[in-house]
Structure formats: C-alpha cells, structure tokens
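Per-entry structural report
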Amino acid sequence: MLEVILRGHDNYYGVADILRLFYDGIREEREVCRVIAPNGPDISIISSVEEGGVRAFCGDVSIRLDNSNIPVKRDIKRSLYKLLEKLTSQSFPWGCLTGIRPTLVAAECSTPDEMTEIYFVRPDKSDLAFRTYREEQALLATVPQDSLNIYIGVPFCPSRCEYCSFVAADISHHMGLLDDYESALIKELELIAPRIDRKLASVYMGGGTPTVFSNQAMDRLIKTIRDLLPMDEDTEFTVEAGRPDTLSENKLRSMMEAGVGRLCINPQTMRDETLLRLNRRHSVSDVVRAYQKARELGFTMINMDLIAGLKYEPSEAVLDSLEQIFELSPANITIHTLYKKRRTAMGRQDVLDRDGSRGDIDAALREAYSMLGSKGYDPYYMYRQKDTGHGLENVGFALPGTGCRYNVAMMSDRRDVLSFGAGGMSKRIFDNNRLERCSTVKDVIAYIRDPAAVAAKKLRFYELDGIQ
Ligand code: SF4
C-alpha cells in the first residue's frame, strides 16, 4: 500500500487527483492526514509545505519546488507528480493537469511551452490545447454574449451500450415511459418557451438518443420544438441521432422540415464484431445507410463520433474506423477516449486498460490526429474526464467553418444555457464570468410526474417574467 502523508497543508483533493493518475482505488484518511493507494507499492511519501517552498519526498528521493509565482496548491500537485514519475518511471500525456478543460489552462498560459513547463504537459498535447483554444474562441465569437443556448435532453436509448455511464433508460425496459416523457417535455416547453425574450444562438437535442421516438412522435415533438422556441434563421439546430438504427427516412424528413441543420450519426467503431459485443444493436452498414440517406435528403453538417480504446478491439482499430469514416466525408468527427465512471457495466480494468493489453492508445490517437489534420479537420473543442484510459482526452474536429456552436458555448462556461428535460443542467453567466447552475431532477419518473415544478424552478433561476 502506498501512502502520502500531508504535512503543513490539507490539499487532499489535489493529492488524490495525482495519485489517481497512477493507481486505482484512492482513499482519503483525513483523521490521520493521509491519502492512500491500496494497490500501490509499500512506500510512504511525505507531501509538505515548508518555509519558502513545497516538497514531496520518499526516502532519499526528493522533489522541492521553490517557485513563488505558482500557487502552493498547484505546487503540491506538481511536486507529487514529479516524485511519482521518478519512482515509477511513468509519465502521462497531460502531466499533472487533472482538470477537464485543458483549453481553459491554455488561455492562462502565454505559450504552449509555458503550459509544458508548468504542468509537465507533453509538447504535442500543449500544442493541441492551444490549437483547439484558438478555434474554440473563433467559433465562440459567433455566439453573441447575450444570446441563449437551449439543450433538450432525451435520456432514452434503444439498448444500453456496455461502456455507458449515462443515466439513460433502456427503451426495451422503459417503453411505456416514452410517450409520457414526450408529453412532459412539451409541457415544460409550453411553460417556459413563451417567456424567452432573447436571441437563440443554438438549440441542441441530445441524449441518450433523441431519435428513439416513433416516426409520429418524433414528427410531433420536433415540430412543437420549432413552433414554441423563438428560433430564427441564424439559430443552429442540432439533433443527436446517435444510434443509426433509430434514424428512419420519415424522421429525417421531419427534422429537415423543422429546420434541423445538424445531425450526429455515431458509429463509435466501424467494426461489426465490436458493435455487437458492446450491445449497440446496429451494424456498420446501418451507419453508412443512415449517413447516406441523411446526405441524400440535404443534411450537410453531420458529426460522427468514434471511441478510441474500446474493449474488444486493439487500439489501432480506431485508425481503421477513421479511414472508413473519411470515405463518408462528414463535416465533423469527434474522437473520444473510453473513460470509466460509476454505473458502467464494464469493469475498471476493461476501461482503463492499465496493463496496455489493447496496445498503445496514446500512439493510435496521435496517428488519428495526424490523419485528421491531413484531411483538413481542425480540433475545435476538447474536454477530459476523470478516469479516462491512459489519461487522454476527447476532441471534436471540424472542417473549416463547420464547427458546432452549441458545443463551444456549452464547454466554454461563457454563455447561458437553458436545459429542458430530465437531468439537464442550466447555466447563467454573470459579470466577471461568474457562473451559476440550476440542475433538473435526473429521475425520469419524477420528471414526468411534475414538469410544471421543473419549469417553475428554471423560470425562477432565469428570472423570467411574472415568476417570483
Ligand atoms: S447511445 Fe450513448 S447514452 Fe445511449 S446507451 Fe449508448 S453510450 Fe449510453
């Protein structure tokens, strides 16, 4: 068991974050001032704040940082990371950066070199963060500061993917709830939408799988959204049609007529065998068929998601999937790295692949980014999740001029977002970028029971007319 004893500080959170990069099952034991990694080697590390600096040491091996320009909390993480790097001969692409928004850190650094120097981020990742930040800012500039961005959530899916951690209801077990959910969503929209008196920069219908509804229900819902929300010709309207098996020609036509301009059709992998074993219940040919039908009907802005590091396939499979996706020429391609959260059917080792049994995911991603670059795709938004395989990242790529405004508005924490549906998170940005959040009940049944209460909470949050 590895233990880190804290001396002169109480940055348990930062210490645990760094330990989590190297080991699983991290536990804080505050009563004895330590954080432990039960699966680590039997060593004791002291992390201490001392006169004029910060030190992490273990026996004779010691890292002391005296840089007074860097906040102490950050130096505690930096010193511990450097010490563990030395003790384990292991390092991570994002160094001691454990936050989920590398572009926010890029914004604080003046150059990629500075990011590398402060956080020990590998140079290719610092460059990626800076390139992404530039694209993200250019797109964000097209989203007016006082505009509103709408999210409409549909937490239902036709089956549950094995790696899924999302609170999505599996339609095969919750079929009876879908109609009621649609009615509740419409009720919430009817109560809030007439009070919106701001320009809508974007409307994003996400999930789950929003196209899980029947043709008729989808037609009704999408038209109601169009009728109730004050969209204009500039409003970006996106629907995540994530699972291609839910995407019929009728639904595509309904969306086209309602002004949907962007779709996500997500294969995750272009290997049938993996799709089957992941319980996605669609094939590669379903993906191709849905994509081609959408293009035929006039959709030009289509995003396709892939996941690197999937269980059941070697890491380089993502490159093969990418080659196949290039043949379809979607406007956007998003590459996720498999990550581990609670509630996932997959085991921790299956997700994190600490022993590297699926090969070098890091190298495969580097190759994937280079292939995307050579085809003209630029990175325009990115985020990381805790417990991502090999400490990697998720990056959205777009051909020039095709990035999704909602994605950058939502990721930036610099634009207001109003959410509809169970589990949605609304955000308001105030002066000096102060952010307030308003969550919605996650439980679908509780949401269906009282959408008016959900609406009242949000109307109060947004101080919309007539509500106290
Ligand atoms: S499509 Fe997405 S939300 Fe639905 S089960 Fe699969 S991973 Fe989860």
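Up top is the structure these notes are about.
Just so it is clear, the model here is predicted, and its values are computed rather than measured. (Residues numbered from 1 in each chain as written. Predicted model: local features only at pLDDT ≥ 70, side-chain atom pairs only at ≥ 80, totals over all residues. Heavy atoms only, no water.)

1. Some points on a negative patch on the surface
A cluster of acidic side chains, namely Asp-320, Glu-323, Glu-327 and Glu-367, defines a negative patch on the protein surface. Note that Asp-320 resides in helix H11 (residues 317–326). (Patch = residues over 30% accessible without salt bridge, like charges linked within 9 Å, V, L, I, M, F, W, Y side chains within 5 Å. Areas by Shrake-Rupley, 256 points an atom, 1.4 Å probe, with all protein chains shown as cover. Salt bridge = Lys/Arg side-chain N within 4 Å of Asp/Glu carboxyl O. Lys, Arg positive; Asp, Glu negative; His and termini not counted. Charge placed at Lys NZ, Arg CZ, Asp CG, Glu CD. Helix = DSSP H or I, 4+ residues; strand = E, 2+ residues; numbered from the N terminus.)

2. Some points on the site of the ligand
Around the ligand, 10 residues are found, and the nearest of them are Cys-157, Ser-159, Cys-161, Cys-164 and Arg-243. Class assignment of the residues belonging to the shell around the ligand gives a composition of five nonpolar, two polar and three charged. (Near = heavy atom within 4 Å. Nonpolar A, V, L, I, M, F, W, Y, C, P; charged D, E, K, R; others polar.)

3. Quick look at helix H2 (residues 72–88)
Across its 17 residues, H2 extends 24 Å between first and last C-alpha, which sits within 8% of the 24 Å expected from 1.5 Å per residue. Against strand E1 (2–7), helix H1 (12–22), strand E4 (43–50), strand E5 (53–58), strand E6 (61–65) and helix H4 (112–119) lie the buried residues of H2. Count one or two residues on from H2 and you reach Ser-89, which has phi positive near 55°. (Expected span 1.5 Å × (residues − 1). Contact = heavy atoms within 4.5 Å.)

4. Points about the side chain of Ser-202
The residue Ser-202 is located in strand E10 (residues 200–207) in this model. Engagement of the side chain of Ser-202 in a polar contact is seen with the side chain of Asn-149, the distance being 2.7 Å. (Polar contact = N/O pair within 3.5 Å; in protein donor to acceptor, adjacent residues only side chain to side chain.)

5. Looking at the pattern of salt bridges
Under the definition given, this model contains 33 salt bridges. The residue Arg-78 makes a salt bridge to Asp-75 at a minimum N-O spacing of 2.7 Å. Of the two residues, Arg-78 and Asp-75 are both situated in helix H2; the distance of three residues between them amounts to about one turn of the helix. No difference in accessibility class separates Arg-78 from Asp-75, as the two residues are buried. Salt bridges sharing partners connect three or more residues here, namely Glu-3, Arg-27, Glu-29 and Arg-34. (Buried < 20%, exposed > 50% of the residue type's maximum accessible area, 1.4 Å probe, protein only.)

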